[in-house]
Amino acid sequence: MTKSKRICKAVLPVAGLGTRFLPATKAVPKEMLTIVDKPAIQHVVNEAKAAGIEHFVFVTGRNKGCIEDHFDHQFELEATLSAKKKTKELEALLAELPAAGQTSFTRQQAPLGLGHAVWCARDIVGNEPFALLLPDMLHHGKTSCLAEMVDAYEQTGGNLIAVSPVPEDQTHQYGIVGVEDAQSKVSRITGMVEKPPKGTAPSNLHITGRYVLEPEIFPLLERQEAGAGGEIQLTDAMIALSKNPQHPFHAVRFDGTIYDCGSKIGFLAANVAYALDREDLAPQLRTVIKDLI
Ligand code: G1P
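Heads up: these notes are all about the structure in this document. Residue positions within a chain follow its written sequence, with the count starting from 1. Under the rules for a predicted model, residues below a pLDDT of 70 receive no local features and side-chain atom pairs below 80 are neither given nor counted, while totals for whole chains, interfaces and linings still include all residues. The basis for the side-chain values is all heavy atoms of the structure; hydrogens and waters are excluded.

## Considering the environment of Asp255
Helix and strand assignments come from DSSP, with helices taken as H or I runs of at least 4 residues and strands as E runs of at least 2, each series counted from the N terminus. Looking at the element boundaries, Asp255 is found in the loop between β12 (249–253) and β13 (257–260). Put simply, Asp255 and Lys185 are 70 residues apart on the chain and 8.8 Å apart in space, counted from C-alpha to C-alpha. For Asp255, the side chain forms a polar contact with the side chain of Lys185, separated by 3.4 Å. Whenever a nitrogen or oxygen atom comes within 3.5 Å of another N or O atom, the pair is scored as a polar contact, on the condition that within protein one atom can donate a hydrogen and the other can accept it, and that pairs from neighbouring residues in sequence are kept only if both atoms are in side chains. Of note is the side chain of Asp255, whose polar atom sits 2.9 Å from the side chain of Arg253.

## Topic: a nonpolar patch on the surface
A patch consists of residues whose relative accessible area exceeds 30% and which take part in no salt bridge; residues with like charges are grouped when within 9 Å of each other, and nonpolar side chains (Val, Leu, Ile, Met, Phe, Trp, Tyr) when within 5 Å. Computed by Shrake-Rupley with a 1.4 Å probe, the accessible areas treat only the displayed protein chains as cover when residues are assessed. Any Lys or Arg side-chain nitrogen found within 4 Å of a carboxyl oxygen on Asp or Glu counts as a salt bridge. Together, Leu77, Leu93 and Leu94 give the surface a local cluster of nonpolar side chains, amounting to about 220 Å² of exposed area. Structurally, the position occupied by Leu94 is in helix α4 (residues 87–95). Throughout, exposure labels follow a simple rule: accessible area from a 1.4 Å probe, protein chains only, divided by the maximum for the residue type, with under 20% read as buried, over 50% as exposed, and the rest as partly exposed. Of the residues examined, Leu94 reaches a relative accessible area of 35% and is grouped as partly exposed.

## Some thoughts on the site of the ligand
In the vicinity of the ligand, the contacting residues are Leu114, Leu134, Met137, Tyr174, Gly175, Glu194, Lys195, Ile207, Tyr211, Gln233 and Thr235. Note that an oxygen atom of the ligand is positioned 3.0 Å from one of the backbone N or O atoms of Gly175. The contact in question runs from an oxygen atom of the ligand to an N or O atom on the side chain of Lys195, over 2.7 Å. Summarising the interface, the protein chains cover 77% of the accessible area of the ligand, which totals 380 Å² for the free molecule. For the shell around the ligand, the class distribution of residues is six nonpolar, three polar and two charged. Nearness is defined per residue: one heavy atom within 4 Å of the molecule or strand is enough. Residues are grouped as follows: Ala, Val, Leu, Ile, Met, Phe, Trp, Tyr, Cys and Pro are nonpolar; Asp, Glu, Lys and Arg are charged; all remaining types, including Gly, are polar.

## Some words on the state of the cysteines
By definition, disulfides here are pairs of cysteine sulfur atoms that lie within 2.5 Å. Tallied over the full model, the rule gives zero disulfides. Cys120 forms no disulfide, and the closest cysteine sulfur to it belongs to Cys66, at a distance of 20 Å. Cys145 carries a free sulfur, and the closest cysteine sulfur to it, the one in Cys261, is 14 Å from it.

## Overview of the nonpolar core
Core analysis: the biggest nonpolar cluster contains 45 residues, and Phe58 and Leu146 have the highest contact counts within it. Apart from the residues within four sequence positions on either side, Phe58 is in contact with Leu12, Val14, Ile41, Val45, Ile67, Phe71, Thr103, Ser104, Phe105 and Thr106. Remark: nonpolar core denotes a set of buried residues (Ala, Val, Leu, Ile, Met, Phe, Trp, Tyr, Cys) joined through side-chain atoms within 4.5 Å. Counting residues in hydrophobic clusters, the runner-up holds 32 residues, among them Ala117, Ile161, Leu205 and Ala251. It only takes one pair of heavy atoms within 4.5 Å for two residues to be counted as in contact.

## Focus on the packing of aromatic side chains
Centres within 6.5 Å are what make two rings of Phe, Tyr or Trp a pair, Trp counting through its six-membered ring; a difference in plane orientation under 30 degrees is then read as stacked, over 60 as edge-to-face, and the rest as tilted. Within this structure, the stated rule accounts for four aromatic pairs. A centroid spacing of 5.1 Å and a plane angle of 10° characterise the contact between Phe130 and Phe218, whose relative ring orientation is stacked. A residue pair is termed long-range when its members are at least 10 positions apart, and Phe130 in strand β6 (residues 130–133) and Phe218 in helix α8 (residues 217–221) qualify at 88 residues. Phe130 gets classed as buried once you look at its relative accessible area, which sits at 0%. Here the aromatic residues Phe58, Phe71 and Phe105 are joined through ring pairs into a cluster of three or more. The criterion for a charge sitting over a ring is simple: Lys NZ or Arg CZ within 6 Å of the ring centre, and within 35 degrees of the ring normal. Stacked on the ring of Trp119, the Lys or Arg Arg122 has its end atom at 3.7 Å from the ring centre.

## Structural notes on the packing of helix α10 (residues 264–276) against helix α11 (residues 282–292)
Contact pair α10 / α11: the axes reach a minimum separation of 8 Å and the direction vectors enclose 135°. Judged by the angle between their axes, α10 and α11 are oblique. Two secondary-structure elements touch here, α10 through Val272, Ala275 and Leu276 and α11 through Ala282, Leu285, Arg286 and Ile289. In this analysis, axes come from line fits to C-alpha atoms, helices being fitted only over the stretch in contact, and the angle between any two N-to-C directions falls in the range 0 to 180 degrees. Orientation labels follow simple angle bins: below 35 degrees gives roughly parallel, above 145 gives roughly antiparallel, 65 to 115 gives roughly perpendicular, and whatever is left gives oblique.

## Digging into helix α1 (residues 40–50)
Of all 11 residues in α1, eight are buried, a share of seventy percent or more. All of the buried residues in α1 are Ala40, Ile41, Gln42, His43, Val44, Val45, Glu47 and Ala48. The positive-phi residue at the C-terminal boundary of α1 is Gly52, with phi of around 90°.

Right, here's the structure in full:
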């Protein structure tokens, strides 16, 4: 195998309408809803940064302008914090800001599915392997899920998908993969299916929304063939790519907890879990939760 190329760019599809969170998402993108005191998208960007990602490609849509503003300087606010000697707050703000030129924004223009959103990033990604992070899915663990994948990629090359077990009655909601060895942390993928009908899933390992993909995925997405739900599915293009032995797919099992923030329960649970990580909040929050239940 030729030496693996470094993964420098990450694609973050953020064009979804967030209808499940209306009316909160009428004027605010769902990615900007807060998990404790940061927008959800910031947690995902931080996970990518921890994996060494240097360039963030946001695939946006109409009414998503404040995501772009969030990842830029806010001179008035910074000047005010500085004048008021709120150094800690100012430093915290600046620490999470990507450097100039480290972000790109492109628009999906039409809601044709995840595969189409990823394809929209093709010119910015170019001919190199890249990471893909679905921002609805927060991966909460001791280490960055993407960092684990980038480590695994150095051994395997090719394509990687993060997976984790879900209860059998939920397999129809996700992409599901079959693997050679379900016990091992990294295992060759033997099959994939997008949202299999109940009772037909090849395993209980679901695709959690973190990927390392080779650029050869783009010409397959270009075919724009609609799959499950009438949408252009990334999973279908990955199945097509995996048929070529030169483009193997490995699963990396994520051992932390995944919060599906596309659902209200997942979003609420993520807020509690991330707050319980915080020394300044956890003791009081524990008391509040006890009183509530
Ligand atoms: C997408 C992927 C699916 C994956 C899921 C994780 O589905 O197509 O394979 O399991 O994200 O959230 P979506 O949630 O966009 O329907």
